Amino acid sequence: MPEKRIILDKIEDKHSPNIDFYRGNGGYEALKKALTQMSPSQILDEMKASNLRGRGGAGFPVGVKWSFINRTFPGPKYLICNADEGEPGTFKDREILQKKPHIMIEGMIIGAYVMGLDAGYIYIRGEFYEPIQAVDKAIREAYDAGILGKDIMGSGFSFDLYTYRGAGAYICGEESSLINSLEGKRGLPRLRPPFPAQVGLYGRPSTVNNVESFSAVPSIINNGGKWYAGLGTPKSGGTKLFSISGHVNRPGVYEIPMGTPWTELFNDMAGGVKDGKKLKAVIPGGSSTPVLRPEELDGMTMDYESVQSKGSMLGSGAVIVLDETTDMVKLLYRILHFYAHESCGQCTPCREGCDWYYDIISRIRHGKGRLEDLDLFERLAKNIGPNTICAFGDAFTTPALSFTRKFRDEFVEYIKNGNK
Amino acid sequence: MAKITIDDKVIEYSGNPNLIELAKENGIDIPHFCYHPALTISGNCRMCLVEVGTLCKNQQTGEYEKDDKGNIKVNFMPKPQPGCYQQVSDGMVIRTNSERIIEARKGVLEFTLANHPLDCPVCDQAGECVLQDYSFQYGFSRSQFIEKKRTYKKNEISPVLTQEMNRCIHCDRCARFTTEIAGESSFARTWRGNKMELSVLPGGTITHNYQGNMADICPVGALTITDFRFKSRVWFLNYGVTLCTSCGKGCSVMTSHKKGKVFRLKPVYNEKVNTYWMCDHGRLRYRFLNESRKSGHSAGGKKANFQSALSLAAEILKASKNIGVIASAKESLETCMVLSRFFREVAPTAHVDYRVDDAQVRDDRSLRPGELLRAKDPYPNSFGAREAGLLPGQGGATAIDILGAPEKFDAVVLFIDDHIIEAGDRLGNMSKAKNLIVLSPFESSLDSTAAVSFATRAYSETSGTYINIDGIRQKYCPVLPPLGDARDSWDILNQLSGLMGKSFGLDSIGKIRSHFKLGD
Amino acid sequence: MSFAYTDVSMKEFQELQKNFPGDAKGKMSLVIPALWLSQRQNGWINGDVVEYVAGLTGTEPLHVWGVATFYSMFNKEPVGKTLLQFCTNISCGLLGGNELIQHACSRLGIEKGGTTQDKKFTIFEVECLGACGTAPVVQVNDTYHENMTMEKLDSLIDQMSS
């Protein structure tokens, strides 16, 4: 199976960010179709049929999420695009934001039409200054073309769209933290229920989806949900963007049908391990997903179910390739540094736990580890993930456990003989 | 009625109760740090985790599914849930002491304690520390935390409170109290992750009048009251419940005392008056109970025994036609009643008044601007005194008149309380008074010029009733023994009535209450 | 020493106001954008900025400070004219990010987090910048420099020094 470029279609063209180029290649036709030929419930049916699962990492079906909004609920309701791409290893959304923002905007307007939403915000991580400029320009173009604002394409439907710049907080990728941040507050995850569909931005019904999820919508409208679903596996519909990085010859973003064999993505597209070295391990879905050893990759296909059957998660599709020279102790040290830096600090097991984990790995990395530290990781993990407000607890215990379980000998070596 | 099962105990409930409160009412304690019934739910400490189950219903038939033994099957949620935030619904099954919850609690406590300094030997909270209690009850006996503990730079946050951020468990009660109850945004969470602090704005300070409550609700020793720092280990203190007398609100308080000295006041829950709180003004005014207290009586500036002081006072009052009486609304309703009757029947005079403060003169029952509890009226029983009729009769002089020109009276009966002493210059003319009879728990310069000066019991050493600004009647009982030969004011008046030939026979608080129909 | 927006910043702020509801909740949303404008103008967030932003957005200074200290991109101390932000997270770390930051530190004679005496450069080690496919990445003020090498770094520093 080769790459199947739907979202990334013609993205390499330098005119790709422009509305004229986008429209010249069929852009905003889906929106027109949706607004003029389809009812919201018809679109919702197509979305459900498409099997599109949320591309931010959790994989929740988008059509189902959209059906949680009561479109007749009086008063303002909001659509939020999560462009806080922060999971180490993920860089696919930046590609869309910077090079093809209109496809995301088109998906958002269709979503807003389906759910009867009044305004939308694209929450973009603060570091993405250049992508924000690109999206702002695209939004201006869309307003000028009558695609945003009042009475879009003469349909009577109105929708306003704005960008919002984050300011450096990984946790704001979590949707309720993102909403708090968008409200001008500290980005702390909220207790649930209520969910954003009932009480979201400014206490109003809201829906949050990832950049890539919105970007998949136009093709579903154009070609039908069934078509999209048929591109993937029975349970994971469509194509998915994979960010592949690390020790690999051709790092980058690849769009492939769900269910594409790992070997095709890794060898045929990304060109295999960099500089002909041997593969040591792969982190398949971003830093918070369990690391896989080469033998575990046998027969793996790139979809939610297959990666899960190998004991990991597809997550945001951030594939990180590690070659034989990789020092797993130092790498885990770096990963846990990240999580200790990014915990919001709100709830006890996470605030105290991620720093404790970092202290432990620091000792091991600096030759002051003890064998019982590896057991301590295991024991502490039992009281972190299940007891925290959000998924951050699992996000940092998971790599710690998978690294130390699968590469135990390297950790033991550091513990016994120090850092050489 | 809806039913819920908590630890195999079936509990009926109505409305939408909080699970922690519902469990507590039914004798089941769900441990918690960040939850407080008067504050919004934060759910951050994770100490109150419980297992939440619902009864299994067959989707098709609508019948409950049963196991082999015929019991209805229960579906438990995969993760434990915070009890503080759990919506209660009919048929719900809660476990607060399952093996899983015991483990989860241990785990949470281990994290709570990980960076806690364990400096209990020098911590004022020791002995009334929730973290200490829970560690003992639910925790591990040994920590596996061998890392360097987190430390913070010390910050001055206000003169009232001392912050030891190193002890903080980040439960956020103090910050929620500040915004939600005190209505000030001077204290909040700042920074992030394990560097998160509860802090004031750099260079800022907390200014509201309710800071002591922040220390009270701090489950650990992160916020303590500066005034109480290193004064006493709390387990050496004795405790008694009484009322605060520093304004007309009459908050329920607990004294902590040792060897006759009061060390601090803390609020006691009182649904009708102060709920969980009290103001700092009242809290820190406990000191007057310890200072310049009078334990014996005097006459003409010389020590006198009670009987001779009484006889002298009786003679003065018998001989005086024109008597000025400055009463005190720090005295109980019972005393006010006896006092009022005394100066109607035994030594009749129209010049009786309790109103030494402007708020009393205006009969102002409102709170000070911006205050949650503190009344404008600095007296706890102005409305008791008013009810007792301690007001000037036809042509009578007011308290302010008497204080201004005491020499116009043949005799002046003066109650000296802590407020009039604090107010400073009010008593400036009183040395000019002829035949001054003082009743006071405190020493004053007037003791040397007074014809008679009685030592009376402070409110903390006696029983009585106060009527607060909202008309609520509250009884109080002694929490400390009386000093030396100090007497109750009503006792002195009752004995004087006997000496002056019109004996009331009201020689106990009970008799006074029934005589004046004040209830039991 | 007080802080106030220049006309340019104020105009941008007024434009941003249109993005949010006009009530108190909508105004609070402006705290982060207002801090961004302040930082662009002032370089960092000090007490005067906090007071000013609180005034503009109808919030309390402590709220603004709580927000400023939550987000790592708001500088709570002054930084140099050129802010070099090196990602050393997974992919950048695997492909030389650590060596790059070491090189920059020794060349400029400062530690990570430090600022040169001439206030020209500040070096931060930062978390994943979301550009792992072109690792290692250095963000220079607002701009990403991808596929960074020692040579490119040196010429970048040369350029910024002059």
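Sequence order as written defines residue numbering, which begins from 1 separately in each chain. To label them, take the chains in the order written and letter them from A, then take the ligands in the order written and number them from 1. pLDDT decides what is reported in this predicted model: residues at 70 or higher carry local features, side-chain atom pairs at 80 or more are listed and counted, and totals for whole chains, interfaces and linings draw on all residues regardless. By convention in this description, side-chain values take in all heavy atoms of the structure and omit both hydrogens and water.

A. Layout of the domain arrangement of chain A. Residue and element names in this part refer to chain A. What fixes the domain bounds is an automatic or database domain assignment. What the domain assignment lists for chain A is domain 1 (19-231), domain 2 (239-323) and domain 3 (328-417). Placing a centre on the C-alpha atoms of domain 1 and another on those of domain 2 gives a separation of 27 Å. By definition in these notes, contact holds between two residues if any of their heavy atoms fall within 4.5 Å. Taken together, the contacts link 17 residues of domain 1 with 20 residues of domain 2. By buried area we mean the combined loss of accessible area, with a 1.4 Å probe, across both parts when two parts are placed together. Summed over both partners, the interface of domain 1 with domain 2 buries about 1500 Å², with 54% contributed by carbon and sulfur atoms. Any carboxyl oxygen of Asp or Glu within 4 Å of a side-chain nitrogen of Lys or Arg constitutes a salt bridge here. Where domain 1 packs against domain 2, one counts two salt bridges. The residue Lys240 makes a salt bridge to Glu212 at a minimum N-O spacing of 2.9 Å. Polar contact is defined as a pair of N or O atoms within 3.5 Å, subject to the rule that within protein one atom must be able to donate a hydrogen and the other to accept it, and that residues adjacent in sequence are counted only when both atoms are side-chain atoms. Linking domain 1 to domain 2 there are 13 residue pairs in polar contact (both at pLDDT 80 or more). Secondary structure elements follow DSSP: runs of H or I no shorter than four residues count as helices, runs of E no shorter than two count as strands, and numbering proceeds from the N terminus. Mapped by element, the contributors of at least two residues to the side of domain 1 that touches domain 2 are helix 5 (92-99) and helix 10 (225-231).

B. Highlighting the interface of chain A and chain C. Contact residues are listed per partner, giving 57 residues for chain A and 41 residues for chain C. Buried area between chain A and chain C, both sides added, is near 3700 Å², and the carbon and sulfur share of it is 58%. Of all residues in chain A, Ala167(A), Tyr202(A) and Arg334(A) give up the largest surface area on contact with chain C, accounting jointly for 17% of the area buried on that side. At the boundary of chain A with chain C, the tally comes to three salt bridges. The closest approach of N and O atoms between Asp142(C) and Arg165(A), which form a salt bridge, is 3.6 Å. For the pair chain A and chain C, the interface holds 23 residue pairs in polar contact (both at pLDDT 80 or more). Among the elements that line the side of chain A that touches chain C, the one with the most residues is helix 13 (residues 328-342) of chain A, at seven residues. Note on residue categories: nonpolar means Ala, Val, Leu, Ile, Met, Phe, Trp, Tyr, Cys or Pro, charged means Asp, Glu, Lys or Arg, and polar means any other residue, Gly included. Considered class by class, the residues forming the side of chain A that touches chain C number 26 nonpolar, 18 polar and 13 charged.

C. Focus on the pairing of strand 13 (residues 261-267) of chain B. Residue and element names in this part refer to chain B. Taken across its seven residues, strand 13 has six buried, putting it largely inside the fold. When DSSP finds two or more bridges between two strands, those strands count as paired. Alignment of strand 12 (residues 252-258) against strand 13, held across six bridges, turns out to be antiparallel. From the neighbouring strand, Ser256 faces strand 13, where its bridge partner is Arg264. Counted along the chain from strand 12 to the antiparallel partner strand 13, the turn is two residues long, and its residue Lys259 has a positive phi close to 50 degrees. Exposure is judged per residue with a 1.4 Å probe applied to protein chains only, and the accessible area is read against the type maximum: over 50% gives exposed, under 20% gives buried, and values in between give partly exposed.

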